[in-house]
Amino acid sequence: MVTQRKPRASKYLTAPIRPVQVDRDRSVAGLLEKMEGAGLGARQLAEAHRIWLDMLGDNTTIVVAANGALIPAGMRRLLAYVIKNRFVDVMVCSGAMLFQDLHETLGRQHFQAHPSMTEAELEASQISRMWDVLASEEEYREADEWVGGFTNQLDQTRSYSTREFLHLLGRELAEIATDDGILTSSYKARVPVFCPTISDSSITVGIAGARFEKKNQFCFDLAQDILDLMQIGSRSRVSGVINLGGGSSRSFVQQMEAAASIIKTPPRGHKYAIQISTEQPAHGGRTSPNTDDESLVFGKLARGAATAYVNCDTTIALPILVTALSQTAAKYMKGRKRPNFVFMGKEFTVEVP
């Protein structure tokens, strides 16, 4: 009988943990650099920063999939910053996020709630609550009407992809905005924005109201969004995805690889992936949505992809990451060859240098 040789412990014990020390002179980026030597969530957050820099240095087409109440929670300017500075190339957002972004771009605000506020008194005052954030229902209705009025100006004889519609919406908002958000900064930076759940938002409520009152026949062409996404995926030499939360936005980005079958191209998978989420593993599934293993199983990530899975509230991780990028990304941006998107009405083309 052959006795198996016991592996040496030294084979594995090669990277000792480096305890994080207090340094009052360190920047946020410097703190993350220290956290790379730690473990658990600290290490994952530091690796997310490192991977984002690697994507910028590797001429990667960077796709952000965002979901949840990030705008009411105060993340709007951070997202606008990474778009303006082209730390990202494509945005995929939920319909609720984009409506809330529009609401603030129109000069409105969200407000902090207090635990003592009851649902009954908020309802009587026509105030909506999203966790610990409040909004005026009257102001939301005004935003609905603004969207409806904008839609009445569009060509009613054809359909629009969400990508084209949101580009035009950003252009309209940019003329009146005093503080940029997702839609206006994306328009100015020529970053395409997709919305797979546009019907699940007050944007479509505004469109429906315009149709009811003005007999507006505006409609969306969702298949064109998939074709546009396919074009981005097929023309990108390297791609990476940053998931802020889970939900439909993340699922839509996963269509990038699936859509490759339309043009008979084998999917390459994303070379980089960052997931920031507090999702719990699904019952009965093969994989955990929190670690994005499902993307690996079904070919959405390339083998050997660089990944960071940060089990954290996005409103905690995002300010740290974006602040760190503001301190570290400049040297990576100097030589970056980013994709350029050409918007010509319904036509959409991707140019990769």
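Residues numbered from 1 in each chain as written. Predicted model: local features only at pLDDT ≥ 70, side-chain atom pairs only at ≥ 80, totals over all residues. Heavy atoms only, no water.

Attention now goes to the nonpolar core. If you look at the biggest cluster of nonpolar residues, it comprises 69 residues, and the most contacted ones within it are W52, L98, F165, L166 and L244. Sort the elements by how many residues they give to this core and helix α2 (residues 40-57) lands first, with 8 residues. Contact partners of L98, with chain neighbours within four places excluded, come to C93, L166, I182, L183, V193, C195 and I203. Counting 18 residues, the second largest nonpolar core, distinct from the first, contains V63, F194, L229 and F252. (Core = buried A, V, L, I, M, F, W, Y, C linked by side-chain atoms within 4.5 Å. Buried < 20%, exposed > 50% of the residue type's maximum accessible area, 1.4 Å probe, protein only. Helix = DSSP H or I, 4+ residues; strand = E, 2+ residues; numbered from the N terminus. Contact = heavy atoms within 4.5 Å.)

On to the packing of helix α6 (residues 137-152) against helix α7 (residues 162-174). Close contact between α6 and α7 brings their axes to 11 Å; oriented N to C, the two are set at 110°. When the interaxial angle is binned, α6 and α7 end up roughly perpendicular. Contact residues: W146, F150 and T151 in α6; F165, L168, L169, E172 and L173 in α7. Considered class by class, the residues forming the contact of α6 with α7 number 6 nonpolar, 1 polar and 1 charged. (Axes fitted to C-alpha atoms, helices over the stretch in contact; angles between N-to-C directions. Parallel < 35°, antiparallel > 145°, perpendicular 65-115°, else oblique. Nonpolar A, V, L, I, M, F, W, Y, C, P; charged D, E, K, R; others polar.)

Glancing now at the layout of surface pockets. The gaps of empty space that remain are located by a probe, the size of a water molecule, rolled over the atoms. By volume, the largest pocket is sized at about 380 Å³. What lines the largest pocket is a set of 19 residues, and nearest its centre among them are G68, A69, L70, D313 and T315. Listing elements by their share of the lining of the second largest pocket, those giving two or more residues are α3 (76-84) and β3 (111-112). Among the residues forming the lining of the second largest pocket, the class breakdown is 5 nonpolar, 4 polar and 5 charged. (1 Å grid on protein atoms, 1.4 Å probe; cavity = no way out; pocket = protein on both sides within 12 Å on 5 of 7 lines; lining within 4 Å. Points joined across faces, edges and corners; volume = space filled by probe spheres on them.)

Further remarks concern the sheet that holds strand β1 (residues 61-66). Strand order in this open sheet of 6 strands is β6-β2-β1-β7-β8-β9, and the pairing throughout is parallel. Each having just a single partner strand, β6 (193-194) and β9 (301-311) make up the two edges of the open sheet. Pairing analysis gives 6 bridges linking β1 to strand β7 (residues 239-244), with the strands arranged parallel. Note that in β7 the partner of V64 across the bridge is I242. Against the sheet, helix α11 (residues 247-258) engages β1, β2 (90-93), β6, β7 and β8 (270-277), with an angle of about 150° to β1. (Pairing = 2+ DSSP bridges.)

Right, let's get into the sheet that holds β3. Within the open sheet, the 3 strands sit side by side as β3-β5-β4. Their pairing is antiparallel. This sheet does not close on itself; its edge strands, each paired only once, are β3 and β4 (127-130). Relative to strand β5 (residues 133-136), β3 runs antiparallel, the two being bridged by 2 bridges. The residue of β5 that forms the bridge with F111 is L134. Strand contacts of α6: β4 and β5, with the helix running at about 60° to β5, the strand carrying the most contacts.

What follows concerns the packing of aromatic side chains. Overall, the coordinates contain 11 aromatic pairs when judged by the stated rule. With a centroid separation of 6.2 Å and 10° between ring planes, the pair formed by W146 and F150 is classed as stacked. Of the two residues, W146 and F150 are both situated in helix α6; the distance of 4 residues between them amounts to about one turn of the helix. Residues F165 and F220 carry aromatic rings whose centres are separated by 5.3 Å and whose planes lie at 90° to one another, so their mutual orientation is edge-to-face. With F165 in helix α7 and F220 in the loop between α9 (202-214) and α10 (222-235), the pair connects residues that are 55 residues apart, well separated along the chain. On the basis of relative accessibility, which here comes to 0%, the residue F165 falls in the buried class. (Phe/Tyr/Trp six-rings, centres within 6.5 Å; stacked < 30°, edge-to-face > 60°.)

Another point: the pairing of β4. As paired strands, β4 and β5 are joined by 4 bridges and run antiparallel to one another. Bridge pairing in β5 links R129 to L134. Counting the residues that bridge the hairpin from β4 to β5 gives 2 residues, and of these W131 lies at a positive phi of roughly 55°.

This part takes up empty space enclosed by the protein. Counting across every chain of the model gives 2 cavities of 30 Å³ or more. Taken together, R163, L166, H167, L183, S186, Y187, V191, P192, V193 and F343 form the lining of the second largest cavity. For the lining of the second largest cavity, the secondary-structure elements that each account for two or more residues are α7 and α8 (182-189). Of the residues assigned to the lining of the second largest cavity, the class counts are 7 nonpolar, 2 polar and 1 charged.

Inspection of the secondary structure puts T197 in the loop between β6 and α9. Owing to a relative accessible area of 15%, T197 belongs among the buried residues under this scheme. Contact partners of T197, with chain neighbours within four places excluded, come to S94, G95 and S248.

Moving on, we come to the pattern of salt bridges. The final tally for this structure, using the stated rule, is 16 salt bridges. With a closest N to O distance of 3.4 Å, R76 and D179 form a salt bridge. Here D179 lies in the loop between α7 and α8 and R76 lies in helix α3, a separation of 103 residues in the sequence. Accessibility expressed as a relative area gives 26% for D179, which makes it partly exposed. One salt bridge connects D228 with R163, and the closest N-O pair in it is separated by 3.2 Å. On the criterion of sequence distance, the pair formed by D228 in helix α10 and R163 in helix α7 is long-range, its members being 65 residues apart. The buried category is assigned to R163, whose relative accessible area is 1%. Three or more residues joined by partner-sharing salt bridges are found here, namely R76, R77, D101, E104 and D179. (Salt bridge = Lys/Arg side-chain N within 4 Å of Asp/Glu carboxyl O.)

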